[in-house]
Structure formats: structure tokens, C-alpha cells
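# Observations on the model geometry
The residues making up each chain are set out below.
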Amino acid sequence: MEFEYTTPQLNELSQEDCDRYWITYAMTLANKAEQADEVPVGAVLVLDNEIIGEGYNLVINEHDPCAHAEIMALRHGGKRIENYRLLDAILYVTLEPCCMCAGAIIHSRIKRVVYGASDLKTGAAGSAFSLLQDSKHNHQVEVTSGILASECAHQISAFFKKRRAQKKALKQRE
């Protein structure tokens, strides 16, 4: 998969404005997950304000417990730059990474993770666990949280609300 999405004007924006821009882009990827009946989580991997990888949840469709948005973006990024070390890259994701994704992020040497909604049950970037900054690892990752948090949280909660309503309607028909 080749990405031809560059945005030189981002170099003129503040870091916070860039973060909002890329989280908004990740939300469009989360919409693709939802269209595929997956939990709407999207991730985009950026190096020098250029997309080198992107992904969205494909766990159900791929029958792959590892097909989280972050993992898909890391896989594409590694192939794009032909290196499993993703030095200086920034991963933008709509939901705080889980423990599995945090491990992959650490091993890939991502410089920074920026996420929208916190995951109080399984988040590994500070909410439930703090794996990305744990000093026991040989690499720590900078974390910025809460970028467009309410919008990202709403995207996920609306999905589950709709899914619960669908299950309830199905039960009523039976």
C-alpha cells in the first residue's frame, strides 16, 4: 500500500494543531473500521508530516486478534520505509493503545504516541497501565493524550450504543 499524502503546510502549524489534524485523519480511518462492522479505531503513522502507514481495526474481518489499528499502521510503516525500526515516527490513534500495541510500539522505537480517547480498562499509555514510559524498557515513548478526546470517545460510544440497539431489536423480533 503506497501513501501519497503529504502536507507541507503542517510544518507551519503548532504541534497542537498538527496533533489535532492527524487525530482527525485517524478518525476518518476509524470510520472505515465502523463501515466494516469493526470497533471504530483508526491510526496513522507519520514521519516528517508525511503518512508512512495507516490502519484501522480489522480483528473480526481478518480473524486476527493482532489486527488492531496501531499494529496495521506499524506494519505498513515498516514496509514503507523498509525497516522495522520506526525512529522519529509519530503514531496518532483515536483510542489509547492496549498492552499488545504498546509492546509493538516500544519494539518499533516510535518516538511519540498521540491519542484521543483514554481507555480506563485496558489503556497502556497511562490510564490502566504505563507501559510506554516504563523505565524497565530500553526505549520509552513520549505520550500526548486527550487530543479531540470527546470526539474520539463519542465515535466509539456511539458505535457500541448502535450495536446494543441492534442486538435488542434482534431479540425482540425473535
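Look a little higher up for the structure.
This section reports on the structure supplied with the text. (Residues numbered from 1 in each chain as written. Predicted model: local features only at pLDDT ≥ 70, side-chain atom pairs only at ≥ 80, totals over all residues. Heavy atoms only, no water.)

### Quick word on the layout of surface pockets
Applied cut-off: Detection works on a 1 Å grid of protein atoms alone, calling trapped sets that fit a 1.4 Å probe cavities and calling open sets with protein on both sides within 12 Å along at least five of seven lines pockets, with lining residues defined by an atom within 4 Å of a point. Grid points are joined across faces, edges and corners, and a volume is the space filled by probe spheres set on the points. A run of H or I in DSSP becomes a helix once it reaches four residues, and a run of E becomes a strand once it reaches two; helices and strands are each numbered from the N terminus. Gly is put with the polar residues, along with every residue not named as nonpolar or charged; the nonpolar set is Ala, Val, Leu, Ile, Met, Phe, Trp, Tyr, Cys and Pro, and the charged set is Asp, Glu, Lys and Arg.
Here the largest pocket is characterised by a volume of approximately 230 Å³. Lining the largest pocket are Val-39, Leu-95, Ala-117, Ser-118, Asp-119, Leu-120, Lys-121, Thr-122, Ala-153, Ile-156 and Phe-160. Ranked by the residues each element gives to the lining of the largest pocket, the list is headed by helix 5 (residues 149-173), at three residues. Tallied by class, the residues present in the lining of the largest pocket amount to seven nonpolar, two polar and two charged.

### Focus: the pattern of salt bridges
What counts, and what does not: Salt bridge criterion: a side-chain nitrogen from Lys or Arg within 4 Å of a carboxyl oxygen from Asp or Glu. Under the scheme applied here, a residue whose accessible area is under 20% of the maximum for its type counts as buried, over 50% as exposed, and between as partly exposed, the area being computed with a 1.4 Å probe on protein chains only.
Going through the model one piece at a time under the given rule, you end up with seven salt bridges. With a shortest N-O distance of 2.5 Å, Asp-17 and Arg-20 are connected by a salt bridge. A residue pair is termed a helical-turn pair when its members lie 3 or 4 positions apart in one helix, as Asp-17 and Arg-20 do in helix 1 (residues 15-35) at three residues. Asp-17 gets classed as partly exposed once you look at its relative accessible area, which sits at 31%.

### Some details on the sheet that holds strand 1 (residues 42-47)
We count it as follows: Two strands qualify as a pair provided that DSSP identifies no fewer than 2 bridges between them. Helix axes are fitted to C-alpha atoms over the stretch in contact, other axes to C-alpha atoms as well, and angles between N-to-C directions run from 0 to 180 degrees.
Taken together, five strands build an open sheet; the order of strands is 2-1-3-4-5 and the sheet is mixed. Since the sheet does not close on itself, it has two edges, and those belong to strand 2 (50-56) and strand 5 (142-144), each with one partner. Sheet twist, expressed as the average angle between the axes of neighbouring strands with direction ignored, equals 20 degrees. The sheet contact formed by strand 1 and strand 2 spans six bridges and is antiparallel.

### Things to note about the pairing of strand 1
In summary, the side chains of a regular strand alternate between the two faces of the sheet. Most of strand 1 is tucked away: five of the six residues are buried. Between the end of strand 1 and the start of strand 2, which pair antiparallel, lie two residues, with Asp-48 showing a positive phi angle near 55 degrees. Pairing between strand 1 and strand 3 (residues 90-95): four bridges, direction antiparallel. Its bridge partner being in strand 3, Ala-43 is matched across the sheet by Val-93.

### Section: the packing of aromatic side chains
The following threshold applies: Only rings of Phe, Tyr and Trp enter the pairing, Trp through its six-membered ring, and a pair is recorded when the two centres are within 6.5 Å. The plane angle decides the type: under 30 degrees is stacked, over 60 is edge-to-face, the rest tilted.
The full count for this structure, using the stated rule, is four aromatic pairs. Ring centres 5.0 Å apart and planes at 85 degrees place the aromatic pair Tyr-21 and Trp-22 in the edge-to-face group. Taking relative accessible area as the criterion, Tyr-21 reaches 26% and is therefore assigned partly exposed. What makes Trp-22 buried here is its relative accessible area of 0%. Ring centres 5.1 Å apart and planes at 75 degrees place the aromatic pair Phe-159 and Phe-160 in the edge-to-face group. Overall, Phe-159 belongs to the buried group, its relative accessible area being 3%. Accessibility expressed as a relative area gives 33% for Phe-160, which makes it partly exposed. Taken together, the aromatic side chains of Tyr-21, Trp-22, Tyr-25 and Tyr-92 make up a single cluster linked through ring pairs.

Keep in mind these numbers describe shape, not what the thing actually does.
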